[in-house]
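# Per-entry structural report
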Amino acid sequence: MQSTGPASDAALAGQRVAVLTKVGGWASHVLADARDAVAVPDGVTAAQAEAVVVNGITAWQMLHRRARVRAGQTVLVHGAGGGVGSVLAQLALAAGVAVIGTASPRHHDALRELGVTPLDYRTGNVPGRVRELAPGGVDAVFDHVGGRSVIDSWQLLAPGGTLVAYGSASTRDDTGSKQLPVLKILARTWLWNALPNGRRACFYNIWAGKALQQSRFRARLHADLGEVLAAVRRGEVTALIGAQLPLASAAEALRLAESGTVTGKIVLTP
Ligand SMILES: NC(=O)c1ccc[n+]([C@@H]2O[C@H](COP(=O)([O-])OP(=O)(O)OC[C@H]3O[C@@H](n4cnc5c(N)ncnc54)[C@H](OP(=O)(O)O)[C@@H]3O)[C@@H](O)[C@H]2O)c1
């Protein structure tokens, strides 16, 4: 670990730490700035911590910094059986928020056990079912699906509600530009925010602010990942680990992740 100052060194001495890396994380050793390291509490394993770094920060920031949910509200989480969605659903429930979650039927029992109301996005009329469950609309929607789904998500919001878009999974296998579908979502959010309709929309990007507002970015990351790791330690969030494979089996791990047959993160171990 790179040494950046006595305060960081002293605070982290002897600690297990987690770091959000953009690239280069698939390695036995990584050189990181000590100011980016967040202490992992006792009782949280390395694999559990790994499973919630990207998913946990994303989920926490969308829920508490973008949508700013409050106890008693109802939210719609797309892909509630997935990596980000499952952490998001659990953090929302821990905050006293009711969760409707779209997922394939293979996730439904586990979601019900958590307290989520699951909806099958493959066969059901999702907007219609959400309107039945929340006739006044939902207070926030978290949408990584993109395309038509973003429009439905926006229309499902209650007055004062927030749409947080963060991906475009529905166009993942399309040929052509990867940026265009995201630009379309951005254009829609700008347009919706410009209209006087009492609702808000945004596109969340975990890396936003890293280059231009570095100390703010770092402070938020510390606080938010710290909250997520504490929630894992308290048992409020279960870090879903689908499989653990050695680093040398990274290709197999990728195939497994892409197969859509595993629930939870595929964790590489050095
Ligand atoms: N913007 C950011 O900063 C940021 C940060 C992190 C992740 N992301 C994005 O977030 C997305 C999710 O990441 P992840 O790690 O959670 O992936 P993941 O573990 O593969 O989960 C994605 C889930 O999406 C579900 N899904 C696929 N198509 C769907 C649809 N049409 N409607 C509803 N659900 C659908 C799948 O559900 P079933 O298994 O139930 O079929 C799957 O569980 C990715 O697109 C990723 O790029 C963005």
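Scroll up to find the structure this text is about.
Report follows, based on the coordinates. All values reported here derive from a predicted model rather than from experimental measurement. (Residues numbered from 1 in each chain as written. Predicted model: local features only at pLDDT ≥ 70, side-chain atom pairs only at ≥ 80, totals over all residues. Heavy atoms only, no water.)

What the protein chain contains, in helices and strands, is nine helices and ten strands. Projecting the C-alpha coordinates of the protein chain onto the three principal axes gives extents of approximately 55 × 40 × 40 Å. Buried positions account for 44% of the 270 residues belonging to the protein chain. Restricting to contacts in the protein chain with at least 6 residues of sequence separation, those with at least 24 account for 60%. Carbon together with sulfur atoms contributes 54% to the accessible area of the protein chain, which is approximately 13,800 Å² in total. Each charge sign in the protein chain was given a centre, from 27 positive and 19 negative side chains, and these centres are 7 Å apart. (Helix = DSSP H or I, 4+ residues; strand = E, 2+ residues; numbered from the N terminus. Buried < 20%, exposed > 50% of the residue type's maximum accessible area, 1.4 Å probe, protein only. Contact = heavy atoms within 4.5 Å. Areas by Shrake-Rupley, 256 points an atom, 1.4 Å probe, with all protein chains shown as cover. Lys, Arg positive; Asp, Glu negative; His and termini not counted. Charge placed at Lys NZ, Arg CZ, Asp CG, Glu CD.)

Right, let's talk about the site of the ligand for a bit. Neighbouring residues of the ligand: 20 residues in total, closest Val84, Ser104, Tyr121, His144 and Ile206. Separating an oxygen atom of the ligand from a side-chain N or O atom of histidine 107 is a distance of 2.9 Å. The side chain of tyrosine 121 places a nitrogen or oxygen atom 2.5 Å from an oxygen atom of the ligand. Computed on the free molecule, the ligand has an accessible area of 930 Å², of which 69% lies beneath the protein chains in the complex. Only helix H2 (46–66), helix H3 (83–94) and strand S4 (98–103) provide two or more residues apiece to the shell around the ligand. Broken down by element, the shell around the ligand gets its largest block of residues, three residues, from H2. Partitioned by chemical class, the residues of the shell around the ligand number eight nonpolar, ten polar and two charged. (Near = heavy atom within 4 Å. Polar contact = N/O pair within 3.5 Å; in protein donor to acceptor, adjacent residues only side chain to side chain. Nonpolar A, V, L, I, M, F, W, Y, C, P; charged D, E, K, R; others polar.)

Right, let's get into empty space enclosed by the protein. The rolling of a water-molecule-sized probe over the atoms marks out the regions of remaining empty space. If you walk through the whole model with that rule in mind, you get one cavity of 30 Å³ or more. The space that makes up the largest cavity amounts to roughly 40 Å³. Considering the residues around the largest cavity, the lining is formed by Ala51, Val52, Asn55, Gly83, Ser86, Val87, Ala239, Leu240, Gly264 and Lys265. Secondary structure elements with two or more residues in the lining of the largest cavity: H2 and H3. (1 Å grid on protein atoms, 1.4 Å probe; cavity = no way out; pocket = protein on both sides within 12 Å on 5 of 7 lines; lining within 4 Å. Points joined across faces, edges and corners; volume = space filled by probe spheres on them.)

Let us now look at the pairing of strand S10 (residues 265–269). The pairing of strand S9 (residues 241–246) with S10 spans five bridges and is classified as parallel. Along S10, the bridge assignment pairs proline 246 with threonine 269. Handedness of the β-α-β unit built from S9, helix H9 (residues 250–259) and S10 comes out right-handed. (Pairing = 2+ DSSP bridges. Right-handed = clockwise from strand over helix to strand, strands pointing away.)

Two elements in contact, helix H6 (residues 148–155) and helix H7 (residues 179–194), have axes separated by 11 Å at closest approach and are oriented at 20°. With respect to H7, the element H6 is oriented roughly parallel. Between H6 and H7 lies a crossing of right-handed hand. Every residue of H7 that contacts H6 at Val150, Ile151 and Trp154 is listed here: Ile185, Arg188 and Trp192. (Axes fitted to C-alpha atoms, helices over the stretch in contact; angles between N-to-C directions. Parallel < 35°, antiparallel > 145°, perpendicular 65-115°, else oblique. Left-handed = near helix turned anticlockwise from the far one by under 90°.)

The subject of this paragraph is helix H8 (residues 214–234). The α-helix winds at 3.6 residues per turn, so residues separated by three or four positions along the chain end up facing the same way. Its 21 residues give H8 an end-to-end C-alpha distance of 30 Å, which sits within 8% of 30 Å, the value for a rise of 1.5 Å per residue. What H8 keeps buried is the set Phe217, Arg218, Leu221, Asp224, Leu225, Val228, Leu229, Ala230, Ala231 and Val232. Those residues of H8 that are buried are in contact with strand S1 (17–18), strand S2 (38–39), H2 and H3. Immediately beyond the C-terminal end of H8, within one or two residues, lies glycine 235, with a positive phi of roughly 85°. (Expected span 1.5 Å × (residues − 1).)

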